[in-house]
Amino acid sequence: RKEVEQDPGPFNVPEGATVAFNCTYSNSASQSFFWYRQDCRKEPKLLMSVYSSGNEDGRFTAQLNRASQYISLLIRDSKLSDSATYLCVVIPNTGGFKTIFGAGTRLFVKA
Amino acid sequence: DGGITQSPKYLFRKEGQNVTLSCEQNLNHDAMYWYRQDPGQGLRLIYYSQIVNDFQKGDIAEGYSVSREKKESFPLTVTSAQKNPTAFYLCASLRQGRNTEAFFGQGTRLTVV
């Protein structure tokens, strides 16, 4: 089983739609969680951190479910500019800060 | 401005040659990472280093080597033992603590010709 798993998609949605991605992780001792965004042929950039209590940043909401070992990202009112690959990132609490990326979920938002 | 610089942006290698990819950061981060990304795929960890003069193998270390002689620098050598080196290579460093975040360089595209 992979340490971090994501549905690769692609997700094809119309503008204005709400779309949700999930990411599961295998190490129950995982400490820190993030969502990164990667545009085509570019480096990944931090979209948002994921906190235990859940957090929201504009149209984006991230949640963590430690019991079921998954994190989620919800995008409301999708824009064309949201088209990208969304990477789930987990840092296990092993003391080594071995940062682990999921394979990414591709999102295409259509006009 | 603080950040991570990778060079070169594009690199062509003949089969059987070793090449070294540069990664420099002036963010004063202890932890640094090298990832490989193939078309349509996610990031796979090659090597990581938590501190100067120490590094650990990631999931796909075979055919690669690294050094960490200075905090600012974490070069990656792609050796001739790496059978399929054509890929996009990303270097990252990690800001640890309350606002943990990984910062990436712009990447190096390596092509074997």
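Cut-offs applied
- Here the residue numbering is sequential within each chain, running from 1 through the sequence in written order.
- Think of it this way: whatever chain is written first is A, whatever ligand is written first is 1, and the rest follow in order.
- Local features are withheld for residues below a pLDDT of 70 in this predicted model, meaning they are given only at 70 or higher, and side-chain atom pairs are given and counted only at 80 or more; totals for whole chains, interfaces and linings count all residues.
- Side-chain measures were taken over the full set of non-hydrogen atoms in the model, leaving aside hydrogen atoms and water.
- For two strands to be treated as a pair, DSSP must find at least two bridges joining them.
- Strands are runs of DSSP state E lasting at least two residues, helices are runs of H or I lasting at least four, and both sets are numbered from the N terminus onward.
- Simply put, an axis is a line fit to the C-alpha atoms, just over the touching stretch for a helix, and the angle between two N-to-C directions goes from 0 to 180 degrees.
- Patches here are clusters of residues that have more than 30% relative accessible area and form no salt bridge, with a 9 Å joining cutoff for like charges and a 5 Å cutoff for nonpolar side chains (Val, Leu, Ile, Met, Phe, Trp, Tyr).
- To be clear on the numbers: accessible area is Shrake-Rupley with a 1.4 Å probe, and residue cover counts the displayed protein chains and nothing else.
- Every case where a carboxyl oxygen of Asp or Glu lies within 4 Å of a side-chain nitrogen of Lys or Arg is listed as a salt bridge.
- Throughout this description, buried means an accessible area under 20% of the type-specific maximum (1.4 Å probe, protein chains only), exposed means over 50%, and partly exposed covers the range between.

**Q** Just to check I follow, could you spell out the sheet that holds strand β3 (residues 19–25) of chain B for this structure?
**A** The strands that make up a sheet are held in pairs by hydrogen bonds between backbone atoms, and each pair lies either parallel or antiparallel. Residues and elements named next belong to chain B. One open sheet accounts for four strands, arranged β1-β3-β8-β7; its pairing is antiparallel. Of all the strands in the sheet, just β1 (4–7) and β7 (64–66) have a single pairing partner and so form its edges. Neighbour to neighbour, the strand axes of the sheet diverge by 20° on average, direction disregarded. Here β7 pairs with strand β8 (residues 76–78) via three bridges, running antiparallel. The residue bridging Y64 from the neighbouring strand is V78, located in β8.

**Q** Hey, could you run me through a nonpolar patch on the surface in this one?
**A** Residue and element names in this part refer to chain B. On the surface, Y10, F12 and V113 cluster together into a nonpolar patch covering about 360 Å² of accessible area. You can see F12 is positioned in strand β2 (residues 10–13). You can call F12 exposed: its relative accessible area is 55%.

**Q** Which parts of the structure should I look at to understand the pattern of salt bridges?
**A** When the charged atoms of two side chains lie near each other, side chains of opposite charge can form a pair. Enumeration over the complete set of coordinates arrives at eight salt bridges over all chains. Residues A:R76 and A:E56 are paired through a salt bridge, measuring 3.5 Å at the closest nitrogen-oxygen approach. In this pair, A:R76 sits in the loop between β8 (70–75) and β9 (84–92) while A:E56 sits in strand β6 (residues 55–57), placing the two residues 20 residues apart along the sequence. Between B:D38 and B:R36 there is a salt bridge, and its shortest N-O distance comes to 3.0 Å. Each of B:R36, B:D38 and B:R44 takes part in salt bridges that share partners, so that together they form one network.

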